[in-house]
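Single-letter residue listing:
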Amino acid sequence: MKERVEDPTAQELFGFLLLLGIVVLTLDLVRLVFVGELPVSRLSSLLWNGIVDSLYIGLAAIGLSMTYSILRFANFSHGDLITVGAFGGWTVAYLIGGIGAAGLGSRLLLDADGGARAGDLGMSIVGSPLAIVVGLIAAAVFTILVALAIDRLVYKQLRDAGGITLLIASVGVALALRYIVAIIYTQDSRGVVASAPFWEPAYLPVDRINLHEMTLVLSAVALIVGVHLLLQYTKLGKSMRAMSDNRDLALVTGISTERVITATWIIGSGLAGVAGYLIVLDRSQITINLGWFLLLLIFAAVILGGIGSIYGALAGSLVIGITINLSLVWIPADLNEVAAFALMILVLIFKPDGLFGGVETA
């Protein structure tokens, strides 16, 4: 007897429609390039911007994925840790780079009063390299200290309360962090980075290189490689992977869970702070909603790659970054995030555990 083929569900039909749309757009992209309506230089620029975006999304997504895999809750305050890192790091950069060029108050408040313009301070990787590098380090350190304090005051008390309780608590923490930053720095968005300097190499197949973008790329790649090496080749990394696989078994084998949790906050929040700092370096603008607006994209990357998988988070970030940039061929910039979420929905319809199969290990 022939086996009865089940009728597709409404969810699957919707997925097939999304898949058909992606195929049509892919063919249209090839057509646009072939007929010359989309210059290869424009396509290359979109792909490069997608890679750059995926790197800072990936840095933040690693921390969010680690928090979930070790602590088993979705940390909605992660976006505001990005904001904290951005403001903390750039405050230190202004304090160093603006010596003699602007008043202490203006530098502390990141030009909130208009007295410490980025251009006047030469706030760029060429104009103030020491300030930029020290600010990058400070962004990580400051965010780590804030995250550890929050864990000690809030999350540690709720460790056994369950994921939903921790999630709700993280929303409260997110709001508290954002309002504290707003009270100190005001709610105004402002430019805190001078115009990006360019390098025109004579021996590379590119006309010029944006040095701020290159700083972001090199810093992010170095940190991602460092996390990989830590997780795979150190005792701490093996302990973290063991705890993410089976917390009870990790306890039985003598692994200090609190030590692993502390390390998770240090690594995850440090990467989030650096991500926030580098985003501002790339975009020049800083705002109290910086991390909050990015949080959905970060969650999309983590879910797309497979919740709990760090390498999945990186893969998801790459897909999200390239998608939101390539979609600019057809839709305006203020709607391009829709393409990323549509792709995430498509993947989850046919592969609910994400690209990496829902691996819940680091």
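Residues numbered from 1 in each chain as written. Predicted model: local features only at pLDDT ≥ 70, side-chain atom pairs only at ≥ 80, totals over all residues. Heavy atoms only, no water.

- Looking at an unreviewed UniProt entry, one finds the protein chain named Branched-chain amino acid transport system permease protein, with Halalkaliarchaeum desulfuricum as its source organism.
- The record held by UniProt for the protein chain lists under Subcellular location (unreviewed entry) the comment "Cell membrane".
- Listed in UniProt under the heading Sequence similarities (unreviewed entry), the comment for the protein chain reads: "Belongs to the binding-protein-dependent transport system permease family. LivHM subfamily." (UniProt positions renumbered as here; feature names shortened; annotations may be inferred.)

## Some remarks on the overall build of the protein chain
Here's step 1: What the protein chain contains, in helices and strands, is 14 helices and four strands.
Here's step 2: Relative to the compact-globule value of 21 Å for 362 residues, the protein chain shows a C-alpha radius of gyration of 22 Å, a close match.
Here's step 3: Its C-alpha atoms give the protein chain principal-axis dimensions of about 85 × 65 × 40 Å.
Here's step 4: Burial status across the protein chain gives 47% buried among its 362 residues.
Here's step 5: Within the protein chain, contacts between residues at least 6 apart in sequence are counted, and of these 74% link residues at least 24 apart. (Helix = DSSP H or I, 4+ residues; strand = E, 2+ residues; numbered from the N terminus. Rg over C-alpha atoms; globule rule 2.2 N^0.38 Å. Buried < 20%, exposed > 50% of the residue type's maximum accessible area, 1.4 Å probe, protein only. Contact = heavy atoms within 4.5 Å.)

## Description of empty space enclosed by the protein
Here's step 1: This model, assessed by the stated rule, comprises one cavity of 30 Å³ or more.
Here's step 2: Taken as a whole, the largest cavity encloses approximately 30 Å³ of empty space.
Here's step 3: Around the largest cavity, the lining residues are Leu71, Phe73, Tyr155, Arg159, Leu166 and Trp265.
Here's step 4: Residues of the lining of the largest cavity, tallied by class, amount to five nonpolar, no polar and one charged. (1 Å grid on protein atoms, 1.4 Å probe; cavity = no way out; pocket = protein on both sides within 12 Å on 5 of 7 lines; lining within 4 Å. Points joined across faces, edges and corners; volume = space filled by probe spheres on them. Nonpolar A, V, L, I, M, F, W, Y, C, P; charged D, E, K, R; others polar.)

## Here's the deal with the packing of helix α9 (residues 235-245) against helix α11 (residues 257-283)
Here's step 1: Their axes nearest at 10 Å, the elements α9 and α11 cross at an angle of 105 degrees. On the basis of the axis angle, α9 is roughly perpendicular to α11. When α9 is examined against α11, the residues Leu236, Ser239, Met240 and Met243 are found in contact with a partner set consisting of Thr257, Arg259, Val260, Ile261, Ala263, Thr264 and Ile267.
Here's step 2: The class makeup of the residues in the contact of α9 with α11 is seven nonpolar, three polar and one charged. (Axes fitted to C-alpha atoms, helices over the stretch in contact; angles between N-to-C directions. Parallel < 35°, antiparallel > 145°, perpendicular 65-115°, else oblique.)

## Focus on helix α14 (residues 337-350)
Here's step 1: In a regular helix each residue adds 1.5 Å, so 14 residues correspond to 20 Å; α14 covers 21 Å between its end C-alpha atoms and thus fits that length.
Here's step 2: The set of residues buried in α14 consists of Ala340, Leu343, Met344, Leu346, Val347 and Ile349. (Expected span 1.5 Å × (residues − 1).)

## Describing helix α8 (residues 211-233)
Here's step 1: Helix length check: α8, at 23 residues, gives a terminal C-alpha distance of 32 Å against a target of 33 Å (1.5 Å per residue), a fit within 8%.
Here's step 2: Of all the residues in α8, the buried ones are His212, Glu213, Thr215, Leu216, Val217, Ser219, Ala220, Ile224, Val227 and Leu231.
Here's step 3: Contacts made by the buried residues of α8 are with α2 (40-71), α6 (129-153), β3 (209-210), α9, α11 and α13 (310-326).
Here's step 4: Here α8 starts with a cap whose side-chain oxygen sits 2.9 Å from the backbone nitrogen of His212, and that cap is Asn210. (Polar contact = N/O pair within 3.5 Å; in protein donor to acceptor, adjacent residues only side chain to side chain.)

## Regarding the nonpolar core
Here's step 1: Within the largest apolar cluster, 88 residues are counted, with the highest numbers of intra-cluster contacts made by Trp90, Tyr94 and Ile320.
Here's step 2: In terms of residue count, the dominant contributor to this core is α11 (14 residues).
Here's step 3: Sequence-distant contacts of Trp90, defined by excluding residues within four places in its chain, comprise Leu110, Met123, Ile132, Val192, Val193, Tyr277, Val280, Leu281 and Ile286.
Here's step 4: Counting six residues, the second-largest nonpolar core is a separate cluster that includes Leu29, Leu32, Leu43 and Leu46. (Core = buried A, V, L, I, M, F, W, Y, C linked by side-chain atoms within 4.5 Å.)

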